[in-house]
Amino acid sequence: MPKTANTADTVKYLLPEDRIPKAWYNLQADLPKPLPPVLHPGTGKPIGPDDLAPLFPMALIGQEVSTEREIEIPEPVREVYRQWRPTPLFRARRLERELDTPARIYYKYEGVSPAGSHKPNTAVAQAFYNREAGVKRLATETGAGQWGSALAFAGTLFGLQVDVFMVKVSYQQKPYRRALMEAYGARCVASPSEETQSGRAILAKDPNSNGSLGIAISEAVEVAAQRGDTKYALGSVLNHVLMHQTVVGLEAIEQMAMADDYPDVLVGCTGGGSNFSGLVNPFIGAQLRGGKTVRVVAIEPAACPSLTRGKYAYDFGDTGHLTPLVKMHTLGSTFVPPGFHAGGLRYHGMAPLVSHLKELGLIEARAYHQVECFAAGVQFARSEGILPAPEANHAIKGAIDEALACKRDGVSRAILFNLCGHGHFDMQAYIDYFAGKLTDQSYSEAELAMALAGLPSVAA
Ligand SMILES: Cc1ncc(COP(=O)(O)O)c(C=O)c1O
């Protein structure tokens, strides 16, 4: 354990390279109640490893269902992690002063990775296991472009060709993300595309479709299922993906100890749930094993409110209904969110593990509109200097509100949030925000009920 690095004005807590975790933490080992099974859509029965074998290498399928507490990180993966991990943990002293709050605000900064977010933590691992299994090509989807560029980066390191289906609205909003993927050697296609049956079906109904993560997932899964040399890689939602992200929280536990502190409140934004879980799962695990209790708050966009307004039910992970059925908070697999700028949060469902934690009462969820999140992100940039990804702005808004609650209540709490990525490729979003062009989208109950009416029926 590194020595305490705390002085009255310490701003960053840094760990040496030999403190990169040697194992990922698997929360499934400590859950008071196991996750509901994943079901085969045809039979309604739990699926087995063979059902997933066309899509994923066996090592990752094993991790998906493992209840081992620790899963060793292969040395070639740690070697790549070494380039940017351990990531810094910052104390946001200037933001605290700006808010005039007694709160102690900390953030773990994942934007220092080559692709600019937390996504390489799992991209590198997934590329490694696929290369080990002899796979030549990976197909994937991307919303914000962060995941696509992370997998493109990992693919080039491990000699894999990467095909990325990028949600059309993001493809148009973020040409530089596309160029980054191409610079890493990946192929990037706007989704829905003419390349797959699922894409063509959507375009036949709506030639101007903005696309969605659910649609892009269908396209990538279809390609992987049809080609012997190709597997599918997902940037969030699945248990193994969330587990790869726990390097974030494991490092943060050590860094909070360096600060002689422990979080009272943890905050993260949730799209599919991976950066949130990466930060919070090690803390929740410690709590479940008898450690300190921590309040955990998931922040999602009000324009895609799966955790706060979705139904906890079995649903498909994609719009084309090619995936198995998972129990999660969902808005319905045909829900197509509007083209708001936090592209990584435009997913109709939430990770089964995050959904389960919500049902168990271990986490809270809150939804914010995009304009107030951009205001929080700009306030953060003007005090801390880092320009956040639009997704991360949601976590910042959540953390600022927690800090203002401390001020109102006259108490000092430690708040730790995940600053999961920078926004250097998201400048069009900021340009639109400054031009007053961003709008907020709310839904009536009737609108939300429409996509939910199509939920698959599954025997209780
Ligand atoms: C920077 C960033 N944050 C958050 C997300 C949301 O994904 P997750 O909830 O899996 O972290 C994304 C997804 O693309 C992202 O790019």
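Just so it is clear, the structure is predicted and the values come from calculations on it, not from any experiment.

(A) Molecular detail of the site of the ligand. The environment of the ligand is formed by 17 residues, the closest being Ser236, Gly271, Gly273, Ser274 and Asn275. Side-chain polar atom of His118 to an oxygen atom of the ligand: 3.0 Å apart, as the coordinates give it. Between the ligand and Ser274, the relevant distance is 2.7 Å, taken from an oxygen atom to a side-chain nitrogen or oxygen of the residue. Relative to its free-state accessible area of 390 Å², the ligand is covered by the protein chains to the extent of 98%. When the residues that make up the shell around the ligand are grouped by side-chain class, the tally is five nonpolar, 10 polar and two charged.

(B) Just the sheet that holds strand E15 (residues 414-419), in detail. Ordered by their spatial adjacency, seven strands build an open sheet running E1-E4-E5-E15-E10-E11-E14, and the pairing between neighbours is mixed. Two strands in the sheet have a free side with no partner beyond their single neighbour: strand E1 (12-13) and strand E14 (364-368). As paired elements, strand E5 (residues 104-109) and E15 share six bridges and run parallel to each other. Note that in E15 the partner of Ile105 across the bridge is Ile415.

(C) Geometry of the pattern of salt bridges. With the rule as written, the count across this model stands at 24 salt bridges. The salt bridge partner of Lys108 is Glu251, with a shortest N-O separation of 2.8 Å. Taken as a pair, Lys108 in strand E5 and Glu251 in helix H12 (residues 247-258) lie far apart in primary sequence, 143 residues in all. A residue is classified by how much of its surface remains accessible, and Lys108, at 0% relative accessible area, is buried.

(D) Examining the sheet that holds strand E9 (residues 230-232) more closely. Reading across from one edge, E8-E7-E6-E9 is the order of the four strands in this open sheet, with parallel pairing throughout. Edge positions in the open sheet fall to strand E8 (187-191) and E9, since each of these has one partner strand only. Recorded for the sheet is a direction-independent mean angle of 25 degrees between the axes of neighbouring strands. Here strand E7 (residues 161-167) pairs with E8 via five bridges, running parallel. Opposite Val167, over in E8, you have Ser191 as the bridge partner.

(E) Broad picture of helix H10 (residues 213-226). Under the 1.5 Å per step criterion, the end-to-end length of H10 is 20 Å for 14 residues, consistent within 8% with the ideal 20 Å. Summarising burial for H10: 12 of the 14 residues are buried, a large majority. What H10 keeps buried is the set Leu213, Gly214, Ile215, Ala216, Ile217, Ser218, Glu219, Ala220, Val221, Glu222, Val223 and Ala224. Buried positions along H10 lie against strand E6 (137-142), E7, E8, helix H9 (197-205) and E9.

(F) Main features of the packing of H12 against helix H13 (residues 274-288). Direction vectors running N to C along H12 and H13 enclose 55 degrees, while the axes themselves pass 6 Å from each other. Classified by the interaxial angle, the pair formed by H12 and H13 is oblique. For the pair H12 and H13, the sense of crossing is right-handed. Residues Val248, Gly249, Leu250, Ala252 and Ile253 of H12 lie in contact with H13, whose contacting residues are Gly278, Leu279, Pro282 and Phe283. Of the residues that constitute the contact of H12 with H13, the class distribution is seven nonpolar, two polar and no charged.

Quick notes on the rules
- Residues numbered from 1 in each chain as written.
- Predicted model: local features only at pLDDT ≥ 70, side-chain atom pairs only at ≥ 80, totals over all residues.
- Heavy atoms only, no water.
- Near = heavy atom within 4 Å.
- Polar contact = N/O pair within 3.5 Å; in protein donor to acceptor, adjacent residues only side chain to side chain.
- Areas by Shrake-Rupley, 256 points an atom, 1.4 Å probe, with all protein chains shown as cover.
- Nonpolar A, V, L, I, M, F, W, Y, C, P; charged D, E, K, R; others polar.
- Pairing = 2+ DSSP bridges.
- Helix = DSSP H or I, 4+ residues; strand = E, 2+ residues; numbered from the N terminus.
- Salt bridge = Lys/Arg side-chain N within 4 Å of Asp/Glu carboxyl O.
- Buried < 20%, exposed > 50% of the residue type's maximum accessible area, 1.4 Å probe, protein only.
- Axes fitted to C-alpha atoms, helices over the stretch in contact; angles between N-to-C directions.
- Expected span 1.5 Å × (residues − 1).
- Contact = heavy atoms within 4.5 Å.
- Parallel < 35°, antiparallel > 145°, perpendicular 65-115°, else oblique.
- Left-handed = near helix turned anticlockwise from the far one by under 90°.

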